[in-house]
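# Coordinate inspection notes
Listed below, chain by chain, are the residues.
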Amino acid sequence: MRVSICAALFALCWILTFAINEGLADAPNQRTRSVQMRQSNGVKSKREDLQEGFSDDAQMDEPEEDMAEKGKPKGKKTPEEILAAKAKKAAEREAKAKKPKPTKKPKPTKKSKPPKATKKPKPPKATKKPKAAKPTTPARETKPTKKPTMEEEEEKLLLELGWDTLSPKETEMEKPIGPDHDMHSKKDPTTPPSVKEHVPDYWDNRHEIQEPDLIPKVKQPSSTDDPSIYLPIPEETTTTPRTIAPWYEEYDYADLAAKKQEEELEKARKAKEEKAEKLRKMWEEEEEEKRKQTALHAEPKKCPPLGLESHRVEDDQILASSSSNHGYSALRGRLNMQNSADEEDVYGGAWCADTEEKEHWFQVDGRREVEFTGVITQGRNSESNNDFVSSFFVAFSNDSREWTVLHDGYAEWLFYGNVDKDTPVMTEFSYPVVARYIRVLPQSWNGSLCMRLEVLGCQLPTSYATENDVPPTDDLDYRHHNYKEMRQMMKVINEECPNITRIYNIGKSFQGLKMYAMEISDNPGEHEPGEPEFRYTAGLHGNEVLGRELLLLLMQFICKEYNDDNPRVHRLVETVRIHLVPSLNPDAYELAYEMGSEMGNWALGHWTEEGYDIFQNFPDLNSVLWGAEDRGWVPRIIPNHHIPIPENFLNGSVATETKAIISWMERTPFVLGANLQGGEKMVAYPFDMQRPPRATSAEGRVGQPAQEYHNMNEETWARIQRQNEGALRETADENLFRWLATTYAHSHLTLTENQRGSCHTDDITGGQGIINRASWKPVVGSMNDFSYLHTNCFEISIFLGCDKFPHESELASEWENNREALLAFIEQVHRGIKGVVRDINGNLLANATVSVEGIKHDVKTASTGDYWRLLNPGEYRVTARADGYSTQTRLCIVGYDANATPCSFTLTKSNWARIQQIMAQSGKRPRLVNNIPRNTNNQVNGGSTGPAGGSQNERLQRIRLMRMRKLRMERMKSSTTTEMTTSTTTTTPEPTTSTTLGSTTESWYDWFEQESFNFEHTIDED
């Protein structure tokens, strides 16, 4: 019986065990079906519940639970509490391990993942933020605590009764939370459920289900977490550990607040970055649009030339790849460079490259960063060759090693150059390029590869001034003026200074433009006795415009400084009558002005409208003088001054402007003057014409028979020319002209800088800046020679610079360079002697001749009887003579002071005037003397008495002249004794100098021939 009972019990246990195992085996399938049902029926509702659990419950319910837990008494820790404490420590360690990596926390992509965790039947720990699931547990710990207990009891009963196959399906359909309740429902109430739940494989074995909508599994330390935090606990184990609340509270209020703040900062930073990026894109779009508009519509930037033509760019700044020979080096590549007469000489008319080289380039160094805007190219200056560059590239660099070729957006920009050798072509870049070096790379050319060029560029605003830059100090109008603007400027100056200025014209041009002049004096419009006349002229060549602008600036300066009571300017205005003519060739200037600076070639505007060069269009009086000297006619027949103009000259090839200038010179008694030109940098003084070798007669009157000149070899001829070189081109006032030229050259700031040579060759002035024009480039019929031989005016040519038409930006510096020289040269008009020639009655004698002993050039008195003779410091014997008056000689001393030495003369009536009166009363008429001299003895022949009585008449004439000469000498001795007695009562040195008066100054023959010639000629005219 006992055995049967045991067998029955054993069978019952075996049945129960089999049933339990079968139930456990079916549990995973049931869980899978329940999960699928939950997935299809309640995914959306669980997502909303989970989000509300993260937000509302965590913030609203947790404080109440914490207060409730604080109010419960502390008891002995249960195994669940111990495990919960361990789980808390593990979580804290995990949190500490994650905190040192702040860069991974604010990932915005993981913020939307917590709601997706509801798809998985796991507690919220399955997400990457396990702490965020804690707020859901308090609400689910308080409300469903009793319900799970009833289900567990019901499940137990079903298991005991063997109805486990039906009850799990119903219970799973009724569970609202998840499969965790199935796990607790199958636990034995006698064993602690937390022991089985914290097995490492517990969660993996239950939830390895491939569901596409669930969050992918992430490796989490789930084995250390206590499921009691998230799952409802049975009633007998509802006492949750007291240590969970502080861990949960710390997560909600510390980490969440910090993360929220970080998220806000991240959002603000991103918003700021987005705003900055948006603004940057907007600015880039605006700049791109502006650049497109500039490239399409705006004109290229205008910049002045760097100064290759004006030589502001030094020789060491120019470099080239090669040169065909020394005469065509890179230094010859300046714009408008002129070659020498011999093209095979060392002075070529352009830079020419060696054609055997593969690469060709011409480089300019700006010495600092420059804003390049273009280049001007020109061909080779040559009479026989037509060489120029037709296309080229342009490259830039900052270190002369790495070069960037100018690009047009598609390819390297190929520029087209010249089509002839003379006309400059300007090439402008569409946008400025900032660099230090620029290279021109020729690609095609006509003839030989030769070119001249100029570079256009602006200095940067931050660039420093060099030591050669002279800032302007005067507030003047520094710009180019055309004809109308020049006339308007002169009118404005006249209105500002009406008391010292006067505008008049000296004539008209071929096209009818008036040649305006401005007179500056304390009494304008009238010649004052004792006040010298001075003139500055410019614009003889229309394309040489710097002199024109300098004279306009001088007008402004004198007017402004006079009103400001400048003592130096006041002295000039009160003691000198100044005439300023800015344009003597207005027709040609308008043509050059229309082309603009740098664009007119060397010859454009050089000649008048009729084709004349005004400077070389005056009468050739040099040949007249030198021919008379060779024949011995000077000064008896041909004077050494005021040589008359040939009769047929004015009817020949003479420009309209030249006729007006000659008339102006004759009616105004100028003493000193200068004409301002361009194309070189020096001061040239006369003679401008080279004197030919003296003609010799068959007897060898000069010392060498004419036949021997033809039999000389070249060496002997060259030696004789060198010996006579000075005599062939020097004037009688050579030393004075050198002093006048030196005054301007050394007062100029840069004219004597000869380290670079001249503009087109080496320095030919010897470092002095002055040169005799005949030894440099002799010309025939120049304005300077005519002024010296036909009037009293001593005139020189001032070449202001290498650039004939400088850019407007250079006018200020050019004014500073020339201002002092312009004023100092005007002051030289007071150098020498001055005075008045009158008769004993006080009448002023016009056209009286004043000669200086030792200088074979005389001057004449003006219509008011006054004269000026320019002399260097020293002692001079000066003689005054007039027709019908006896001569007078005085000793005049010229000092070094700024004022001229007074030296006046008083002449008495001569005996010839008395003889003329007596003979007129007696009815006898003096016989006219033939003034044609013989070639043998240069003596004056008698009248037409026949060939037989020629010798007898000559002898009688000589005897008559000797008697008259003796009588005149006796009367002169008597007059000198009276002058000696009267001179003792005066204090001035003027009468004392007349004591040396006598016949030693000239021979009786020279005196009589001149006197008799003039006397008889005037009688015939009467």
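Note that the coordinates shown come from a computational prediction; the quantities given were computed from them, not determined experimentally.

## Section: the overall build of the protein
Looking only at helices and strands, one finds 28 helices and 24 strands in the protein. Counting across all 1022 residues of the protein, residues that qualify as buried make up 47%. For the protein, the accessible surface area stands at approximately 53400 Å², while carbon and sulfur atoms represent 52% of it.

## Here's the deal with the pairing of strand β20 (residues 866-869)
The side chains of a regular strand alternate, first on one face of the sheet and then on the other. On β20, burial covers both faces: D866 and W868 on one face and Y867 and R869 on the other are all buried. As defined by bridge partners, strand β17 (residues 833-839) adjoins β20 across four bridges and the pair is classed as antiparallel. Note that in β20 the partner of G835 across the bridge is Y867.

## Some words on the nonpolar core
Of all hydrophobic cores here, the largest spans 93 residues; its most connected members are I506, Y536, I661, V683, Y744, W815 and F825. A total of 11 residues in this core trace back to one element, the largest contributor, which is helix α13 (residues 546-563). Residues in contact with I506, not counting those within four places in the same chain, are M515, A517, V581, L584, A660, I661, W664 and R667.

## A few points about the sheet that holds strand β13 (residues 670-677)
Taken together, eight strands build an open sheet; the order of strands is β9-β10-β12-β11-β13-β16-β14-β15 and the sheet is mixed. Two strands close off the open sheet at either side, each with one partner strand: β9 (501-508) and β15 (770-772). Recorded for the sheet is a direction-independent mean angle of 25° between the axes of neighbouring strands. Summarising the sheet, β9 and strand β10 (residues 514-520) pair through six bridges and their orientation is antiparallel. Paired with Y504 across the bridge in β10 is A517. Contacts from helix α23 (residues 783-790) reach β11 (533-538), β13, β14 (680-685) and β16 (794-801), with the element oriented near 160° to β16.

## Overview of a nonpolar patch on the surface
Judged by side-chain polarity, I5, L9, L12 and L16 come together as a nonpolar surface patch covering roughly 340 Å² of accessible area. Structurally, the position occupied by L12 is in helix α1 (residues 2-41).

## Observations regarding the side chain of S758
Structurally, S758 can be placed in the loop between α21 (734-747) and β15. One polar contact links the side chain of S758 to the main-chain carbonyl oxygen of T761, over a distance of 2.8 Å. In this structure S758 touches H311, E680 and D763, once residues within four positions along its chain are discounted.

## Here's the deal with the packing of aromatic side chains
Tallying each qualifying case throughout the model produces 23 aromatic pairs. Arranged with centres 5.1 Å apart and planes meeting at 20°, the rings of W413 and F415 form a pair that is stacked. W413 sits in the partly exposed class, given a relative accessible area of 22%. Judged by relative accessible area, F415 falls into the buried class, the value being 6%. With centroids separated by 5.7 Å and ring planes inclined at 45°, the aromatic side chains of F415 and F429 adopt a geometry described as tilted. Here F429 lies in strand β7 (residues 425-446) and F415 lies in strand β6 (residues 415-416), a separation of 14 residues in the sequence. Residue classification places F429 among the buried positions, given a relative accessible area of 1%.

## Considering the packing of α21 against helix α24 (residues 811-827)
It is at 7 Å that the axes of α21 and α24 come closest, and there the two elements cross at 155°. In terms of orientation, α21 lies roughly antiparallel with respect to α24. You can see that α21 and α24 cross each other, and the crossing is right-handed. Between α21 and α24, the contacting residues are L740, T743, Y744 and S747 on the first element and N817, N818, E820, A821, L822, A824 and F825 on the second. Of the residues that constitute the contact of α21 with α24, the class distribution is six nonpolar, four polar and one charged.

## What about the sheet that holds strand β19 (residues 855-860)?
One open sheet holds the four strands; their spatial order is β19-β18-β21-β22, and the pairing between them is antiparallel. Here the strands that pair on one side only, and so sit at the sheet edges, are β19 and β22 (888-894). Pairwise comparison of adjacent strand axes, ignoring direction, gives a mean angle of 30° for this sheet.

## Some words on helix α16 (residues 621-631)
Along α16, the residues classified as buried are L621, N622, L625, W626, G627, A628 and D630. Measuring from the backbone nitrogen of N622 back to the side-chain oxygen at the start of α16 gives 3.4 Å, which picks out D620 as the cap. Positioned one or two residues after α16, G632 has a phi angle of 80°, which is positive.

## Examining the state of the cysteines
All chains considered together, the criterion is met by five disulfides. The disulfide partner of C497 is C559, and the S-S distance across this bridge is 1.8 Å. Because the torsion about its S-S bond is 90°, the bridge between C497 and C559 counts as right-handed. Here the residue C497 occupies a position in the loop between α12 (483-496) and β9, and C559 occupies one in helix α13, the gap between them amounting to 62 residues. Of the residues examined, C497 reaches a relative accessible area of 4% and is grouped as buried. Classification of C559 by relative accessible area gives buried; the value is 2%. Across the protein, the way the bonded cysteines pair up, counted in sequence order, is 1-4, 2-3, 5-6, 7-8, 9-10.

## Details of the pattern of salt bridges
This model, assessed by the stated rule, comprises 30 salt bridges. Across the salt bridge formed by E277 and R280, the nearest N and O atoms sit 2.3 Å from each other. Here E277 pairs with R280, and both are found in helix α11 (residues 244-296), just three residues apart, close to one helical turn. Accessibility expressed as a relative area gives 36% for R280, which makes it partly exposed. Here the salt bridges share partners, and the residues they tie into one network are R502, E519, E533 and R577.

## Regarding α24
With 17 residues, α24 should reach 24 Å at 1.5 Å per residue; the first-to-last C-alpha distance of 24 Å fits that figure. The largest bend in α24 is about 40°, located at N818.

## Looking at the side chain of S597
Take S597: it is sitting in the loop between α15 (586-595) and α16. On the accessibility criterion, S597 (18% relative accessible area) is buried. In terms of polar contacts, S597 uses its side chain to reach the side chain of E598, at 3.3 Å. Once residues within four sequence positions are removed from consideration, S597 is found in contact with F805, P806 and H807.

## A short note on the packing of helix α14 (residues 567-575) against α24
Their axes nearest at 11 Å, the elements α14 and α24 cross at an angle of 40°. The angle between α14 and α24 falls in the class oblique. Every pair of crossing elements has a handedness; the one defined by α14 and α24 is left-handed. Counted together, R568, R571 and L572 of α14 and E820, L823, A824, I826 and E827 of α24 form the full contact between these two elements. Residues of the contact of α14 with α24, tallied by class, amount to four nonpolar, no polar and four charged.

## Points about the environment of D688
Here D688 shows up in the loop between β14 and α18 (706-710). Setting aside chain neighbours within four positions, we find D688 in contact with F615, R773, A774, K777, P778, V779, S782, N784 and D785. A polar side-chain atom of D688 sits 3.3 Å from a polar atom in the side chain of N784.

## Quick look at the pairing of β13
Within β13, eight of the eight residues are buried, which leaves the element mostly enclosed by the surrounding structure. Pairing geometry for β11 and β13, over six bridges, is parallel. Each bridged residue has a counterpart across the sheet, and for T537 the counterpart in β13 is N675. In terms of strand pairing, β13 meets β16 through six bridges, oriented parallel. Each residue of the ladder has a partner; that of L676, found in β16, is I798.

## A closer look at the confidence of the model for the protein
When the pLDDT values of the protein are averaged, the result is 76; 66% of them are 70 or greater. Ignoring residues within four places in sequence, the model shows residues 101-121, a span with pLDDT below 50, making 37 contacts including any to other chains. Of the regions scoring below 50 in pLDDT, residues 125-147 engages in 65 contacts with residues more than four places distant in sequence or in other chains.

## Quick word on a negative patch on the surface
Among the surface-exposed residues, E285, E286, E287 and E289 lie close enough to one another that they form a single negatively charged patch. Mapped onto the elements of the fold, E289 is located in helix α11.

Thresholds applied
Residues numbered from 1 in each chain as written. Predicted model: local features only at pLDDT ≥ 70, side-chain atom pairs only at ≥ 80, totals over all residues. Heavy atoms only, no water. Helix = DSSP H or I, 4+ residues; strand = E, 2+ residues; numbered from the N terminus. Buried < 20%, exposed > 50% of the residue type's maximum accessible area, 1.4 Å probe, protein only. Areas by Shrake-Rupley, 256 points an atom, 1.4 Å probe, with all protein chains shown as cover. Pairing = 2+ DSSP bridges. Core = buried A, V, L, I, M, F, W, Y, C linked by side-chain atoms within 4.5 Å. Contact = heavy atoms within 4.5 Å. Axes fitted to C-alpha atoms, helices over the stretch in contact; angles between N-to-C directions. Patch = residues over 30% accessible without salt bridge, like charges linked within 9 Å, V, L, I, M, F, W, Y side chains within 5 Å. Salt bridge = Lys/Arg side-chain N within 4 Å of Asp/Glu carboxyl O. Polar contact = N/O pair within 3.5 Å; in protein donor to acceptor, adjacent residues only side chain to side chain. Phe/Tyr/Trp six-rings, centres within 6.5 Å; stacked < 30°, edge-to-face > 60°. Parallel < 35°, antiparallel > 145°, perpendicular 65-115°, else oblique. Left-handed = near helix turned anticlockwise from the far one by under 90°. Nonpolar A, V, L, I, M, F, W, Y, C, P; charged D, E, K, R; others polar. Disulfide = S-S within 2.5 Å. Expected span 1.5 Å × (residues − 1). Bend = angle between axes of the 7 residues up to and from the residue. pLDDT = per-residue confidence, 0-100. Lys, Arg positive; Asp, Glu negative; His and termini not counted. Charge placed at Lys NZ, Arg CZ, Asp CG, Glu CD.

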